[in-house]
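# Structural overview for review
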Amino acid sequence: EGDFCPICTLPIPFPIDKHSLFHPCCMTRIGCNVADTKTGIKPCPFCRAPLCDTDAEMVQLIQARVLKKDTTAMTQLGQKYLYGRLGLQKDVQKAVELWKEAAEFGSIDAFYLLGNAHHLGDGVEKDAKKAAQFWSKAAMQGHAESRYQLGWIEGKRENHDRALRHF
């Protein structure tokens, strides 16, 4: 569901972050600009809420959704902390904490991000086995990038048949 635009229902090409916009008002990723071009107005094309004017407003919207245990908000806020975006101080530990909480609620994006963190050693101890476990949990629920990572691992192990199944 996260790989398709909720407005035009077309698949969002990879990398998804480069081909879509995230709207914190409704925690929705929009992959097209059909709504903007047809209406000419500039609210969120999905929920029609006014767009944020400042980074502080955006952080406030996301944090309000985190308090309501919205897993999309948790993963998004974690990414903002990871890279120090929207005026937030870079805090990798806080990012991992948010992803762990989102993973407890079953967020496949959080499983993927935790896999990346363990693979790279960002905010946690570098652990290839844990990374593969997190990617497996996400891949079993349909996360394409996690499946790719598992294929890459199998390819490095020269298990080419298994790698090919992941790809």
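Residues numbered from 1 in each chain as written. Predicted model: local features only at pLDDT ≥ 70, side-chain atom pairs only at ≥ 80, totals over all residues. Heavy atoms only, no water.

The helix and strand tally for the protein stands at eight helices and two strands. For the protein, whose C-alpha radius of gyration is 17 Å, the value lies close to the compact-globule estimate of 15 Å for 167 residues. Projected onto the principal axes, the alpha-carbon positions of the protein cover approximately 55 × 35 × 25 Å. Considering the protein as a whole, with its 167 residues, one finds that 40% of them fall into the buried category. (Helix = DSSP H or I, 4+ residues; strand = E, 2+ residues; numbered from the N terminus. Rg over C-alpha atoms; globule rule 2.2 N^0.38 Å. Buried < 20%, exposed > 50% of the residue type's maximum accessible area, 1.4 Å probe, protein only.)

A separate point is the nonpolar core. Within soluble globular proteins, side chains that are nonpolar generally end up buried alongside one another. Ranked by internal contacts, the top residues of the largest apolar core, which has 34 residues, are Ile-62, Val-66, Leu-77, Val-96 and Trp-99. Of all elements in the fold, only α2 (55-67), α3 (71-83), α4 (92-104), α5 (108-120), α6 (128-140) and α7 (144-156) reach the threshold of two or more residues within this core. With five residues, the next largest nonpolar core counts Ile-12, Ile-16, Ile-30 and Cys-32 among its residues. (Core = buried A, V, L, I, M, F, W, Y, C linked by side-chain atoms within 4.5 Å.)

On to the environment of Trp-152. Among the secondary structure elements, Trp-152 is positioned in helix α7. On the basis of relative accessible area, Trp-152 is assigned to the partly exposed category, the value being 33%. For the pair Trp-152 and Gly-31, spaced 121 residues apart in sequence, the C-alpha separation works out to 27 Å.

Between its terminal C-alpha atoms α2 stretches 18 Å, which fits the 18 Å expected from 13 residues at 1.5 Å a residue. Those residues of α2 that fall on the buried side of the exposure criterion are Val-59, Ile-62 and Val-66. Angularly, the buried residues of α2 cover 70° about the axis, an arc narrow enough to put them on a single face. Exposed residues on α2 whose side chains face more than 90 degrees from its buried face are Gln-60 and Leu-67. Contacts made by the buried residues of α2 are with α3 and α4. Of the residues trailing α2, Lys-69 is marked for its positive phi of about 65°. (Expected span 1.5 Å × (residues − 1). Arc of directions from axis to C-beta. Contact = heavy atoms within 4.5 Å.)

Here the focus is the side chain of Arg-29. Its place among the elements puts Arg-29 in strand β2 (residues 28-30). At 3.0 Å, the side chain of Arg-29 forms a polar contact with the side chain of Ser-20. (Polar contact = N/O pair within 3.5 Å; in protein donor to acceptor, adjacent residues only side chain to side chain.)

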